[in-house]
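# Notes for the structure review
Residue strings, one per chain:
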Amino acid sequence: MSGSRVVLFWLFAASVVGGLALGSADLGGLPWAVSRASGLAAFAVLSASVIMGLLMSTRASDGLPRLSRPFIFEMHQFLSVVSLALMGIHAGSLLFDGFLHFSSLSLVVPFLSPYRPIAVGAGVVAAWLAAITTASFWVRSRIGTKRWRTLHYVTFLAYFAALGHGVFAGTDTELPVVYWGYTVSLAAVSALTTLRLTGYRAEQKRARASRPGPPQRESAPPKAAGNAAG
């Protein structure tokens, strides 16, 4: 499957999830409906991006056909950009909502929301963290691969902040397709993260085992029998 087809698949899947989730719900105003749909799509794409990153770091994709590491990296980067764009739509559409009266400041500064400030604030934090990690793709050569990888751990904070935002601020969490979407996403990320930690510990053990030990002092040669007697 080509890269463009995979991108279309993820976008289509995210749209289907949002459509199914909102199909049996009271949509209310159009801005609120757009915000809900784009928010669900943003989390679906963010989940896919995190999973792609973990597939690389755990090397779990090495045995999968047509999923080379360069391809997965490109997908990981592209999906990060798409999720950030959807987050922008998710937040920006609330400016036009006539019921909750979000301000521009409350959408960019955490915990200033007029609606569930803690849960919405977690979403704002997730968006900023996602923006930082996405921007890091373009400064990787400047900061170095080691620092880039360390910075990339922020993705986990962005993911869990986005998950908490969706669960506690979303009005569609109890819908089966949304509930199971969150559950499957969390299960996949948790399983791959556990695999990554296990592999990291194994790498550390192999590295310690391969290190040469400290040079041992040579013992003094035994004295000749004649010298010992004399």
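None of these values were measured; they are calculated from a predicted model.

## A look at a nonpolar patch on the surface
Judged by side-chain polarity, Leu105, Val108, Val109, Leu112 and Trp128 come together as a nonpolar surface patch covering roughly 460 Å² of accessible area. By secondary structure assignment, the location of Leu112 is in the loop between helix 4 (104–108) and helix 5 (117–135). Owing to a relative accessible area of 45%, Leu112 belongs among the partly exposed residues under this scheme.

## Here we look at the packing of aromatic side chains
The full count for this structure, using the stated rule, is ten aromatic pairs. Ring centres 6.2 Å apart and planes at 85 degrees place the aromatic pair Trp32 and Tyr115 in the edge-to-face group. Of this pair, Trp32 sits in helix 2 (residues 30–58) while Tyr115 sits in the loop between helix 4 and helix 5; the two residues are 83 residues apart in sequence, bridging distant segments of the chain. For the ring pair Tyr153 and Phe156, a centre distance of 6.4 Å and an interplane angle of 20 degrees mean the geometry is stacked. Each member of the aromatic cluster is reached from another via a ring pair, and the members are Phe43, Tyr159, Phe160 and Tyr182.

## A look at unusual backbone geometry
Of note in this structure, Phe111 is not a glycine but carries a positive phi near 70 degrees. In this structure, Phe111 sits in the loop between helix 4 and helix 5. Residue Phe111 is classed as partly exposed on the basis of its relative accessible area of 46%.

## Examining the environment of Ile72
Among the structural elements, Ile72 can be located in helix 3 (residues 69–92). C-alpha of Ile72 to C-alpha of Ser49: the two residues are 23 residues apart in sequence and 9.3 Å apart in space.

## Side note on helix 5
At 3.6 residues per turn, the α-helix brings residues three or four places apart onto the same side. Taking 1.5 Å as the rise per residue, helix 5 with 19 residues should run 27 Å; its terminal C-alpha atoms sit 27 Å apart, in good agreement. Taken together, the buried positions of helix 5 are Ala119, Val120, Gly121, Ala122, Gly123, Val124, Ala126, Leu129, Ala130, Thr133 and Thr134. Among the structural elements, helix 3, helix 4, helix 7 (145–152) and helix 8 (154–169) are those in contact with the buried residues of helix 5.

## Here's the deal with the environment of Val124
Within the element layout of this structure, Val124 appears in helix 5. Taking relative accessible area as the criterion, Val124 reaches 8% and is therefore assigned buried. Sequence-wise, Val124 and Ala158 are 34 residues apart; in three dimensions their C-alpha atoms are separated by 9.6 Å. Leaving out residues up to four positions away in the same chain, Val124 has contacts with Ser106, Leu107, Val108, Val109 and Pro110.

## Considering the confidence of the model for the protein
Averaged over all residues, the pLDDT of the protein equals 80, while 71% of them reach at least 70. The least confident element of the protein is helix 10 (residues 225–229), whose mean pLDDT is 44; the most confident is helix 8, at 94. Contacts from residues 225–230, a stretch scored under 50 in pLDDT, to residues over four places away or in other chains number zero contacts.

Here is what the cut-offs are and how they apply
Residues numbered from 1 in each chain as written. Predicted model: local features only at pLDDT ≥ 70, side-chain atom pairs only at ≥ 80, totals over all residues. Heavy atoms only, no water. Patch = residues over 30% accessible without salt bridge, like charges linked within 9 Å, V, L, I, M, F, W, Y side chains within 5 Å. Areas by Shrake-Rupley, 256 points an atom, 1.4 Å probe, with all protein chains shown as cover. Salt bridge = Lys/Arg side-chain N within 4 Å of Asp/Glu carboxyl O. Helix = DSSP H or I, 4+ residues; strand = E, 2+ residues; numbered from the N terminus. Buried < 20%, exposed > 50% of the residue type's maximum accessible area, 1.4 Å probe, protein only. Phe/Tyr/Trp six-rings, centres within 6.5 Å; stacked < 30°, edge-to-face > 60°. Expected span 1.5 Å × (residues − 1). Contact = heavy atoms within 4.5 Å. pLDDT = per-residue confidence, 0-100.

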